[in-house]
Amino acid sequence: MMLKPLQEWICDSCGKTITSPDEGYVIWQHDSNQHDFDFRIIHKFVCEPPSYPSSVPLKDFLGTKGSTYLLSFISLGKIKARGQYRNYCHVLNFDEFVDLYRRVQIPYYEEARTKFNNPQLLADMEDASEVHPYQEDVLKQIIEKYCKRSALPPSQLL
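About the cut-offs
- Throughout, residues of each chain are indexed from 1 in the direction in which the sequence is written.
- In keeping with the predicted nature of the model, local features appear solely for residues at pLDDT of at least 70, side-chain atom pairs appear and are counted solely at 80 or more, and the whole-chain, interface and lining totals rest on all residues.
- As a rule here, side-chain values cover all heavy atoms of the structure and leave hydrogens and water aside.
- By nonpolar core is meant a set of buried Ala, Val, Leu, Ile, Met, Phe, Trp, Tyr and Cys residues that side-chain atoms within 4.5 Å join together.
- Summary of the burial criterion: residues with accessible area below 20% of their type's maximum are buried, those above 50% are exposed, and those between are partly exposed, where the area comes from a 1.4 Å probe applied to protein chains only.
- Numbering of helices and strands starts at the N terminus; helices are DSSP runs of H or I of at least 4 residues and strands are runs of E of at least 2.
- Here, residues are in contact when the closest pair of their heavy atoms is within 4.5 Å.
- We treat two strands as partners when DSSP finds at least two bridges between them.
- Whenever a helix is involved, its axis is fitted only over the stretch in contact; in every case the axis is a line through C-alpha atoms, and angles between N-to-C directions fall within 0 to 180 degrees.
- The score called pLDDT rates the predictor's confidence residue by residue, from a low of 0 to a high of 100.
- Any two of the Phe, Tyr and Trp rings considered here, Trp counted by its six-membered ring, make a pair once their centres fall within 6.5 Å; the pair's planes then place it as stacked at under 30 degrees, edge-to-face at over 60, or tilted in between.
- Whether a charge lies above a ring is judged from NZ of Lys or CZ of Arg, which has to be within 6 Å of the ring centre and within 35 degrees of the ring normal.

Here we take up the nonpolar core. Soluble globular proteins: nonpolar side chains tend toward being buried together. Core analysis: the largest hydrophobic core is formed by 22 residues, its most contacted members being Ile41, Phe61 and Val104. Of all the secondary structure elements, the ones that give two or more residues to this core are strand 3 (24-30), strand 4 (36-43) and helix 3 (94-105). Per element, the largest residue contribution to this core is 4 residues, and it comes from strand 3. Here Val104 is in contact with Leu6, Trp9, Ile41, Leu58, Phe61, Leu62 and Leu70, once residues within four sequence places are set aside. By size, the runner-up hydrophobic cluster in this structure holds 10 residues, among which are Tyr108, Ala112, Leu139 and Ile142.

See the structure below:
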């Protein structure tokens, strides 16, 4: 059974399905320089570890408003990026951050990412462009073709 795109997610703590945006939170940590890292999607209240100082409702990361919010982590944009904030970026690991972005903005990515360690998928995508694997139709094909869920826990998917 397929997850409902951009309406259901896999909890990074317990591995169970978050069945609506209202049930989820995005959490992350900061280093001593206030760089953000270890972004996770979890069940609200139930799976929230105490060591994560930042948490925002999952629904705040969805749609155009969510995209705008996510982009503010890496740039304040032309209006706000002046003076000391000119090269503003709070993200420590871009690949990790882009994974979060795709999870909440690109249909089918959430479920397809559970297949990303499949050796056959990796072989099939070896010659693909950097864009191809993350297109909506390709992600849906990945889910259908590599239907057996990964045995890895959610925290080790990427």
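The 3 strands are arranged 4-3-5 in an open sheet whose pairing can be described as antiparallel. Strands at the two margins of the open sheet, each flanked by one partner only, are strand 4 and strand 5 (54-57). Taken pair by pair, the neighbouring strands of this sheet meet at an average axis angle of 25 degrees, ignoring direction. Note that strand 3 and strand 4 share 6 bridges and pair antiparallel. Opposite Tyr25, over in strand 4, you have Ile42 as the bridge partner.

On to the confidence of the model for the protein, then. In this model, the protein carries an average pLDDT of 90, and 89% of its residues clear a pLDDT of 70 or more. When the criterion is pLDDT under 50, residues 149-154 qualifies, and its contacts beyond four places in sequence or with other chains add up to 12 contacts.

Turning next to the packing of aromatic side chains. Within this structure, the stated rule accounts for 12 aromatic pairs. For the ring pair Trp28 and Phe61, a centre distance of 6.3 Å and an interplane angle of 90 degrees mean the geometry is edge-to-face. Here Trp28 is found in strand 3, whereas its partner Phe61 is found in the loop between strand 5 and helix 1 (63-71), with 33 residues between them in sequence. For the pair Trp28 and Phe61, a shared accessibility class is recorded, and that class is buried. Overall, the relative accessible area of 5% leaves Trp28 in the buried class. Through a chain of ring-to-ring contacts, three or more aromatic side chains come together here, namely Trp28, Phe39, Phe61, Tyr69, Phe73 and Phe97. Between Arg102 and the ring centre of Tyr134, over which it is positioned, the NZ or CZ distance is 3.7 Å.

The subject of this paragraph is the pairing of strand 3. For strand 3, the tally of buried residues reaches 6 of 7 residues, placing the bulk of the element in the interior. Across 4 bridges, the pairing between strand 3 and strand 5 is antiparallel. What sits directly across from Trp28, in strand 5, is Ser54.

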